[in-house]
Amino acid sequence: MIQAENVVKLFDGFRALDGASLTVPTGSVYGLVGPNGAGKSTIIRHFTGIYRQDAGAVQMNGENVWENPALKEKIAAIPDDWFYFNPSTVRDMMKFYRGFYPRFSMERYEKLKEVFQIDEKRVIRRLSKGMQKQVAFWLTLCCMPDFLILDEPVDGLDPVMRRQVWSLVMGDVSQNGTTVLVSSHNLRELEDVCDHVGIMDHGKVLLERSLEQLQDNMVKLQVVFPEGVTEVPADLGALHASKTGRVHTIIMRMSAAEAEERIAVYQPIVMEALPLTLEEIFIYELGGVDYEVKDILL
Amino acid sequence: MKLKTSFFNPTLYRKNLTRFWPLWGLTSFFGALIPISGIMMCLNGDLKTTALEFKEVYYNAIVYFAPVVLLCYCILCAMAVWSYLYNARSVGMMHTLPISREGLFVTNFLSGLTMVAIPWAVTALFCVILSIVAKSFSAGPLFVTILCVAGEGLFYFSSATAAAFITGNVFALPLLYFLFHFLAPLLEALIGTLSSNLIFGLSHIYTGVADWLSPTVYIIKNVKINRTYTQIPVPGQPNITESVLASVTLEKGWLIAVYALVGLALLGVAYMLYRYRKSECAGEVIAMGWGRPVFRYGIAALLALGGGQLLYIIIFNSFDLDQDPYRILPLIFCMLIAGLIGYYGASMLLAKTLRVFKGSQRGAAIVAAGCVIACCVVGFDMLGVAKRVPSADSVKYVRLYAANNTYYLFPDEDADVLEELRDVHKAIIAEKNYAQKMMNARTIEDSGDFEKSTYVTFRVTYLLKNGLNVDRNYFLYLTKDRMEEPGTYDNALDRFINSTEMKLRRLRFDDPRFIIENGNINIQKRDDGFEFSSRELSEVLAAIADDAKAGTWGQYDWFDEDNTTYAVSMFFWYSINDVEELASRGMDNITVYLRPGMTNTINCLKKMGYLEDGDLVTQAEMQKIWEERDRMMKYPPDMAGVELDAATLEPIDSPSETIPPEAESVTPETAPEGETVTPQPAPVTEPVTNPGAANNNPNSAPQTPAESSAASSMGS
């Protein structure tokens, strides 16, 4: 289990993390979403042992991450800007990683060589950004981590390779019980792979649920009210409402059954509950904290 | 590969060495070139050397070569191995790895130290090969050298490592490192310049009191190589000997061990800094929060001191601002400007933006207040430095430079004279304003009649029993009128210098601390000179001492107007021993001009055969003889009244061309350290080895009276 509890981090007085708490259950894939500057990368750097929190606790399996080499042997991370030594080849970096991670698997290294199809003797600097990202996945997955921390991991990868990479990660999760924490702006992609989601903003985790709970807790309804009801009644407590012709689209923070029950009072002509995408959940959750939706959509 | 310990990671160690091999590889190559060249010369038979000479070379490497090379090379190694700290990506990767900060610190430090050691090991290996080829191998000196260089390497690399953790910017690292290594001498120089320019009498002499904080300077200045030589006959020429190196020893080599221990302490400091260093400070000029105000105000102070004085020189130096407030006010202005530039410049570097002015008023006010306070404290002498005259009982001894002579006074033996000296010093301080005003007038023409006035240097150094020095240097304006007027410093100084006691002290007769080494006599009329034997030296000095006691030695001529002395001068060299501080000055000398009335001396010289009655012409008479000679040279009797073509004239030797080298070297030896003194002309015009060896060159020009009198020594 990955756990952060009331983590505070100050950068020259600015509270980059302001009491952030999150819990990633063992064996789950946790998607951390949030706008730019929300603190996603900052909290991830706490989980990888780069930053030391000013307050709170950052733990994995109940152990503090900071200055804990034994624990860090089980953690592998791919930051958004992966570092390699200049002018190292893939093989050089493999040797370097192998010298640090006791569980580094050469067998897997050889297998993944076939998957990524990158010449291991090529200097990494001369590879494209996407290929460098593939090298990062290649080496990181060979470390056989119990905890995989990924910060914007598939940026720069083509759609086929994205699918390939996620397939490898999901394979580790299902076979080895690897716990994955992934931050991304690509909500549609997270929706496909995550079973838990946390939403961060202004250094705090606003909410974290399983994707199922999240979708159950918010509902989108398309409603046609009878003559005389031209606007969505205020007492419905809609998070968001829009109108196309006579069809109202209403987002409500409650289960579908409860929402239908409330709307039934107004005897709608048509009422249909639709599933919300993660992107919609993200937008409407953050809409509650004065977030400008137009700025966050990629 | 299972990690056995978290304190060392062989993979990282190897990676560092393989990543930065060009650095240590190239240095090793250049280091090996010198011994390789020696090996080649040896093999060709061009180089023959002894084990002692090797030892000397090794010790030279310890004292001079290694500190300078290591100072520069260690910072390059530190920049290499700690480079990951200065980039957010690399620091992120390294700190994500399963290794503790201790492990990273130890592994990176050891790999850096290895990079420092490899070139020295390679060079040492080739030196051993060279010594074996030259059949001069000696393990002892080599071992000492390895130990010393290892100690120096440890110190320099540890200091570079400590500096590496203070900054988060790779370009700031070498700047900080060199600043730390030379901050103490720099500060002493800047504060010394400021104080000496503002405080009356304070000398601007670099004392090196804080040199120990600058190890490169300190090691080079204090670790000494002592050599002794023996004279051995040249093979096949039994009457000729040559100097051969007999022994080489290293003095104060333990200082290197002390610095090595300091290096270990710095290593501890560096580790503590790393433990608490935040990864997010990569890219910052100063990584530690507490270091930022230190950097900001430190740069402001340095620039205020250095840049402020430079600005003052550029803008205001051409003005004759001789009253204190008018010197201090522009200086405050200049320091303020420079200090604020430093403060805001440092703030911009720290903030990495030019927009640092908002909300900076408090810091700027502190800098401004600091400049004003520093200038006022120093400029108005609020600490009473200018007025300080040490009490006689606190003094170990006094060194005085006045009237172109150096005197040493010891409280136990010279209590009365020392008290008189203190009175003279107090008299100068009492007339501070007058003295400063006349000093700043700069030229005699500006301040009075040059025939009745002069400028003299008066420098007194009290070496106190507590080990400190009180050193004052005055450039005094003297006038004949004030010299007659009691209560003036002119009068006090003249009475003091021309007292019989001071004359005897100047002569150092019967003073075991001063050993007469040699002396000579110059007779201007004959244009000739002779060197005294050691027995003659004692007799001549005794005769001069008798004349001094009888009051016939004469008075020191402050105004260079006395042409009544004979055109005969004597020059004596002393070596100094017995007192450690004095011994450091090595040699001293005195010039004595013969004058009518010095019957003891004249008789002594006549008895020795150096002097004849015909030589006893006064300077005034000598002047006429020169003029006559000059006229004869230009217009010989047979050509009188005929204008000669310049081309037909014989060239006339310049007097300066006949001054022997030892005479030319008089001034720097006698003058106090760091002081500019009016050059003294040579007392003899040619080096002479035996009496009677007259100069037969009819064309050689004698000294002019002006040159002779410029020596201004006692008895002129």
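By convention here, each chain's residues receive numbers from 1 onward along its written sequence. Chains and ligands are labelled sequentially in the order written, the chains with letters from A and the ligands with numbers from 1. Local features in this predicted model are restricted to residues whose pLDDT is 70 or higher, and side-chain atom pairs enter the listing and the counts only when it is 80 or higher, whereas totals over whole chains, interfaces and linings include all residues.

Our focus in this paragraph is the overall build of chain A. Helix and strand definitions follow DSSP, with helices as H or I runs of at least four residues and strands as E runs of at least two, each counted in order from the N terminus. For chain A, the count of helices and strands is 11 helices and 14 strands. Principal-axis analysis of the C-alpha atoms places the extent of chain A at approximately 75 × 40 × 35 Å. Working definition of burial: number of other C-beta atoms within 10 Å of the residue's own, with buried at 20 or more, exposed at 12 or fewer, and partly exposed in between, all C-beta atoms being placed from the backbone. For chain A, buried positions account for 40% of its 298 residues. Here, residue contact means that the backbone-derived C-beta atoms of the two residues sit within 7 Å. In chain A, the share of contacts with a sequence separation of at least 24, taken over all contacts with a separation of at least 6, comes to 71%.

With that settled, the discussion passes to the overall build of chain B. Within chain B one finds 25 helices and 10 strands. For chain B, the residues scored as buried account for 38% of the 716 residues in total. A sequence separation of at least 24 residues applies to 76% of the contacts in chain B between residues at least 6 apart.

All names here are of chain A. Parsing chain A into structural domains produces domain 1 (2-213) and domain 2 (214-296). For domain 1 versus domain 2, the distance between C-alpha centres works out to 35 Å. Contacts between the two partners involve 16 residues from domain 1, matched on the other side by 13 residues from domain 2. Only α7 (187-193), β9 (196-201), β10 (204-210) and α8 (211-216) provide two or more residues apiece to the side of domain 1 that touches domain 2. Each domain's extent is set by a domain assignment, obtained either automatically or from a database.

Residues and elements named next belong to chain A. Read from one edge to the other, the open sheet built from 6 strands follows the order β6-β7-β8-β3-β9-β10, with strand pairing classed as mixed. Of all the strands in the sheet, the pair left with one neighbour each is β6 (75-78) and β10. Sheet twist, expressed as the average angle between the axes of neighbouring strands with direction ignored, equals 15°. The pairing criterion for strands is at least two bridges between them, as found by DSSP. Where β6 meets strand β7 (residues 147-151), 4 bridges bridge the pair, whose relative direction is parallel. Paired with I75 across the strands is F147, a residue of β7. Fitted lines through C-alpha atoms give the axes, limited to the stretch in contact for helices. The angle between two N-to-C directions lies from 0 to 180 degrees. Along the sheet, helix α1 (residues 40-47) makes contact with β3 (29-33), β7, β8 (179-183) and β9, crossing β8 at roughly 150°.

Our next topic: unusual backbone geometry. Both trends apply: most residues other than glycine have a negative phi, and most peptide bonds are in trans. The omega torsion across N86(A) and P87(A) is 0°, close enough to zero to call that bond cis. Tracing the sequence through the fold places P87(A) in the loop between β6 and α3 (90-98). One non-glycine residue, H202(A), lies in positive phi territory at about 50°. Position of H202(A) relative to the elements: it lies in the loop between β9 and β10. With phi around 55°, D527(B) is a residue other than glycine that occupies positive phi space. Within the secondary structure, D527(B) sits in the loop between β7 (514-523) and β8 (528-531).

A common way to express how large an interface is: the accessible area buried when the components associate. Contact with chain B, which involves 22 residues of that partner, is made by 21 residues of chain A. Contributing elements (two or more residues each) for the side of chain B that touches chain A: α1 (10-19) and α4 (88-96) of chain B. Top element by residues in the side of chain B that touches chain A is α4(B). It accounts for 6 residues.

Within an α-helix, residues lying three or four positions from one another point in the same direction, as the helix has 3.6 residues per turn. Within helix α17 (residues 489-497) of chain B, 7 of the 9 residues are buried, which leaves it mostly tucked inside the rest of the structure. Buried residues along α17(B) sit in contact with β3 (395-402), α13 (415-430), β5 (453-464), β6 (469-479), α16 (480-483) and α18 (500-507) of chain B.

As used here, a nonpolar core is made of buried Ala, Val, Leu, Ile, Met, Phe, Trp, Tyr and Cys residues. They are joined through C-beta atoms within 7 Å. Among the nonpolar cores identified, the biggest contains 176 residues, and L181(A), C74(B) and A78(B) are the most heavily contacted of them. Sorting elements by how many residues they give to this core places helix α3 (residues 51-81) of chain B first, with 19 residues. Excluding residues within four positions of it along the chain, L181(A) makes contact with I2(A), V24(A), Y30(A), L32(A), I44(A), F47(A) and I149(A). Within the second largest apolar cluster, 30 residues are counted, among which are A402(B), A403(B), I428(B) and F496(B).

All right, on to α4(B) then. Taken residue by residue, α4(B) has V91(B), G92(B), M93(B), H95(B) and T96(B) as its buried positions. Contacts from the buried residues of α4(B) go to α1 and β6 of chain A.

For the rest of this paragraph, the subject is the packing of α13(B) against α17(B). All names here are of chain B. At a closest axis distance of 8 Å, the pairing of α13 and α17 adopts a crossing angle of 160°. In this view, α13 runs roughly antiparallel relative to α17, as classed from their interaxial angle. Every pair of crossing elements has a handedness; the one defined by α13 and α17 is left-handed. Residues E420, L421, D423, V424, A427 and I428 of α13 lie in contact with α17, whose contacting residues are Y489, A492, L493 and F496. Side-chain classes follow a simple rule in which Ala, Val, Leu, Ile, Met, Phe, Trp, Tyr, Cys and Pro form the nonpolar group, Asp, Glu, Lys and Arg form the charged group, and the remainder, Gly included, forms the polar group. For the contact of α13 with α17, the per-class residue count stands at 8 nonpolar, no polar and 2 charged. For this classification, under 35 degrees means roughly parallel, over 145 means roughly antiparallel, 65 to 115 means roughly perpendicular, and everything else is oblique. Here a crossing is taken to be left-handed if its near helix is turned anticlockwise relative to the far helix by less than a right angle, and right-handed if that turn runs clockwise.

Next up on the list: the confidence of the model for chain B. Residue and element names in this part refer to chain B. Confidence scores per residue from the predictor, reported as pLDDT, run from 0 to 100. Taken as a whole, chain B shows an average pLDDT of 82; of its residues, 83% reach a score of 70 or greater. Throughout residues 640-716 the model reports pLDDT below 50, and contacts reaching past four residues in sequence, or to other chains, amount to 128 contacts. Model confidence for the complex is summarised by a pTM of 0.77, with the ipTM given as 0.87.

Turning our attention to the environment of Y408(B). Within the secondary structure layout, Y408(B) lies in strand β4 (residues 405-409). In this structure Y408(B) comes out as buried when scored by C-beta crowding, with 23 C-beta atoms within 10 Å.

Our next topic: the confidence of the model for chain A. Residues and elements named next belong to chain A. In this model, chain A carries a mean pLDDT of 88, and residues with pLDDT of at least 70 account for 96%. Mean pLDDT values over the elements of chain A span from 42, in helix α11 (residues 293-296), up to 95, in α3. The low-confidence segment residues 290-298 (pLDDT under 50) makes 9 contacts with residues lying over four places distant or belonging to another chain.

Residue and element names in this part refer to chain A. Direction of pairing for strand β1 (residues 2-11) relative to strand β4 (residues 55-60): antiparallel, over a ladder of 5 bridges. From the neighbouring strand, A4 faces β4, where its bridge partner is V58. Both β4 and strand β5 (residues 63-64) contribute to a ladder of 2 bridges, which runs antiparallel. In the strand pairing of β5, Q59 is matched with N64. The turn linking β4 back onto β5 is made up of 2 residues, and N61 within it adopts a positive phi angle of 50°.

Let's shift gears to the environment of N520(B). Inspection of the secondary structure assignment puts N520(B) in strand β7. Through-space distance from the C-alpha of N520(B) to that of S533(B) is 8.9 Å; in sequence the pair is 13 residues apart.

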